Each structure stands twice: as C-alpha cells, then as structure tokens.
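Structural overview
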Amino acid sequence: MTEAHPGIRFKFEVECTGEPVFVPEDAVIRLLCHIFIERLPAPAIADVWASIHDAWEWHSRPRVSPRPVDRLPGSMAVDRVFGVVEEPPFRIAED
Amino acid sequence: MAAEDAQAAGAGEAPIPPQIYVPVRLGERLFQGEIIEGVLEWIAKYDASDPDQVVGVEPRLQRLAVILSQDCDLAQDWGRRQSELREVTDLRSVLMCPAWPAEQLREEQKLTTRRWEVVRQNKDERYAYLADVPPSADGAGQGHPALLLDLASYFTVRTSELYRQLRDTSGAPRRRCRLATPWREHLQCRFAGYQARIGLPMDHFVPEGRRPSLPI
C-alpha cells in the first residue's frame, strides 16, 4: 500500500516466459519506471501522465521515411576553373 | 610632492589616443573584425547563353574583406583545427563583408556632402564606416585609408578554404589588422541590427517630399 493512495495497492508482475538467460536492459529500466511511478506522491502523477502520454503518442505514430534524393547533381561539368575576377565596388544607395 | 612632480611632468604630454586596430600576425587564428586583403570567394560560373547551366567555378577576388563571424566561434574552430587542419567543425563557413576605401567610393559615385556625412558618421544603418588604419597597426606595415562596408552585401568562404588561402605562400591573402574592443563589438552589433531590421509597410513619419501626391 502506497502512502500516496491510501486504501489502494498497486501491484505488477514480471513473468519470464522461458528460461531467463539474460534480462534486456530496457526491461530492467521498464521495471524501474514502474517502481518509481508507484512511489511517486499523488501530485506528481499528473506530470508523469503528461510526459508518458506524450512519449507514447510520439513512439506509436506511423513513421514516414525521408524521401530519397532522386538525382544528385553529379552530371554537371564543373571541373573548369575560370580566371580570377575582381569584385566591383558596391553602390552607395541614395538617401 | 613626488606626485605633483609627476603630474607637472605629464602635463605637457598629449594623451595617447585609443587604438582602434590591432595588427594581425601570421599563424594567429581568425578574428571577428579582422581585415584581410585578397580573399578569394568561389562562385559558380554560368553559361553565357543559359543562366541555368553551371560551366565551372570562378574565383572572385575581394580586395579587402572584414570578418563578421562570431569571435568565440572562430576561437573554438581554431582550437579544433590544431590537431587536424581539415577538421570538420561547427563553423562551416566564415561570414565576411567586402570593404572599400570610403573616399574612393565617394569620389567615384559623386555623393553629395549631405549624403556623405550621414554615411561617414555611421548614421545610415546599412553602412559601416571604419577609420583609417595607421601603419603601426597594419600587419603589412602600410596603413590604409578609411573603409566603408555595405552591411547588405556579404559573402562566405568555407572555413577550411579560408585557412588554406592564408597558408598559401604564392601571394594570396594578406592579414592586415583587426578591430580592437569595443570597435569590434560595435561593428558586430551594427551588422546584427541591420540583419534584424523590420521592413514596415509605411513609416510612422513620412517626410514631406516623400508623401505621395494627391490624385487630383
């Protein structure tokens, strides 16, 4: 029973569906997240809800792959270097 | 008594004017407000009959240019290049502004005295008038007459390319001098302010001579 929610007990289970050779890191972190959330005081839950909901929404939206570049401008004949040209002076604008 | 003597001895000496410019030496990093002679700007060359057809590159010689890039960016970039000359850094390009001898522009363009005074006193936000460079502050030892910058006209050179040009010993760019504090910051603010200007559909006050004539 948590202090933040008297009268309510939150429980979660971790069930291994096979011979546990190793526990993936993200599974450990997920477990820790549950523990932290359970121990948060009630006023913090609204903040956590907003953050988690935002993360869930972001990661569950369909991904659009960037469109590949159709054609690179590699066919231009730009291997010619012209002679040095001096930049002309600028014009001072009228008042 | 000693203090009075010192005061009396110093009474006849002219005050030392502040130094607007500091000479730049070979091997130093680039500085904001640095004046460089002979920078090459690489631009695309287009076909004379087809302006959409690139036919090569043309080096455009900038007789004099002033660096406008942020000074701390230039310093950090230089630090990273100490281990690798062609290091790809956050400072992809160096922002520069062409500079021209101010009096030459005035002569060639026949500016009126009234117009010239506005420009020379830095009261036109588009232009930056920089004082003449004394020979003692010039890395080339020559000095230079006062300069004028058009803050609407600027260009960039890849940072690694600019340092390459500066390492070139075949008579390419010469590093002349740089603006000292607070003149460097003054130019920085003027450039930033000009780029951040807001174009209004109509000014709050329109001088009499510029008001549109009545339709009747």
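Calculation notes
- Residues numbered from 1 in each chain as written.
- Chains lettered and ligands numbered in written order.
- Predicted model: local features only at pLDDT ≥ 70, side-chain atom pairs only at ≥ 80, totals over all residues.
- Heavy atoms only, no water.
- Helix = DSSP H or I, 4+ residues; strand = E, 2+ residues; numbered from the N terminus.
- Contact = heavy atoms within 4.5 Å.
- Buried area = accessible area lost by both parts, 1.4 Å probe.
- Salt bridge = Lys/Arg side-chain N within 4 Å of Asp/Glu carboxyl O.
- Pairing = 2+ DSSP bridges.
- Patch = residues over 30% accessible without salt bridge, like charges linked within 9 Å, V, L, I, M, F, W, Y side chains within 5 Å.
- Areas by Shrake-Rupley, 256 points an atom, 1.4 Å probe, with all protein chains shown as cover.
- pLDDT = per-residue confidence, 0-100.
- Buried < 20%, exposed > 50% of the residue type's maximum accessible area, 1.4 Å probe, protein only.

Observations concerning the side chain of Asp 77 of chain B
Relative to the helices and strands, Asp 77 of chain B is located in helix H2 (residues 71-81). Sequence-distant contacts of Asp 77 of chain B, that is, excluding residues within four places in its chain, are made with Thr 89, Leu 91, Thr 159 and Tyr 163 of chain B.

Things to note about the interface of chain A and chain B
The partner chain B presents 28 residues to the 19 residues of chain A that form the contact. Here chain A and chain B share an interface that buries about 2300 Å² over both sides, 60% of which is from carbon and sulfur atoms. Considering only the surface of chain A that becomes buried against chain B, Glu 87, Phe 90 and Ile 92 of chain A emerge as the three largest contributors, covering 33% of it. Across the contact surface, chain A and chain B share two salt bridges. Across the pair Arg 63 of chain B and Glu 86 of chain A runs a salt bridge whose closest N-O atoms are separated by 2.5 Å.

Comments concerning the pairing of strand E2 (residues 34-46) of chain B
All names here are of chain B. Here E2 runs beside strand E8 (residues 174-179); their pairing, made up of four bridges, is antiparallel. In the strand pairing of E8, Glu 34 is matched with Arg 178. Two elements, E2 and strand E3 (residues 54-67), share 11 bridges in a ladder whose sense is antiparallel. Pairing of Ile 36 across the sheet is with Ala 65, part of E3.

Structural notes on a nonpolar patch on the surface
A cluster of nonpolar side chains, contributed by Val 23, Val 28, Leu 32 and Phe 36 of chain A, occupies part of the molecular surface with about 380 Å² of accessible area. With respect to the helices, strands and loops of the structure, Phe 36 of chain A is situated in helix H1 (residues 25-39).

Re the confidence of the model for chain B
A low pLDDT means the predicted coordinates there should not be read in detail. Summarising the model, chain B shows a mean pLDDT of 89, and 90% of its residues fall at 70 or more. For this predicted complex, the interface score ipTM comes out at 0.72, while the overall pTM is 0.75.

A few points about the pattern of salt bridges
Under the defined criterion, the tally for this structure stands at 16 salt bridges over all chains. With its nearest N and O atoms 3.2 Å apart, the salt bridge here joins Glu 58 of chain B to Lys 45 of chain B. With Glu 58 of chain B in strand E3 and Lys 45 of chain B in strand E2, the pair connects residues that are 13 residues apart, well separated along the chain. Its relative accessible area of 7% is what places Glu 58 of chain B among the buried residues. By relative accessible area, Lys 45 of chain B is classed as partly exposed at 28%. If you follow the salt bridges from partner to partner, you end up with Glu 87 of chain A together with Lys 45, Glu 58 and Arg 60 of chain B in one network.

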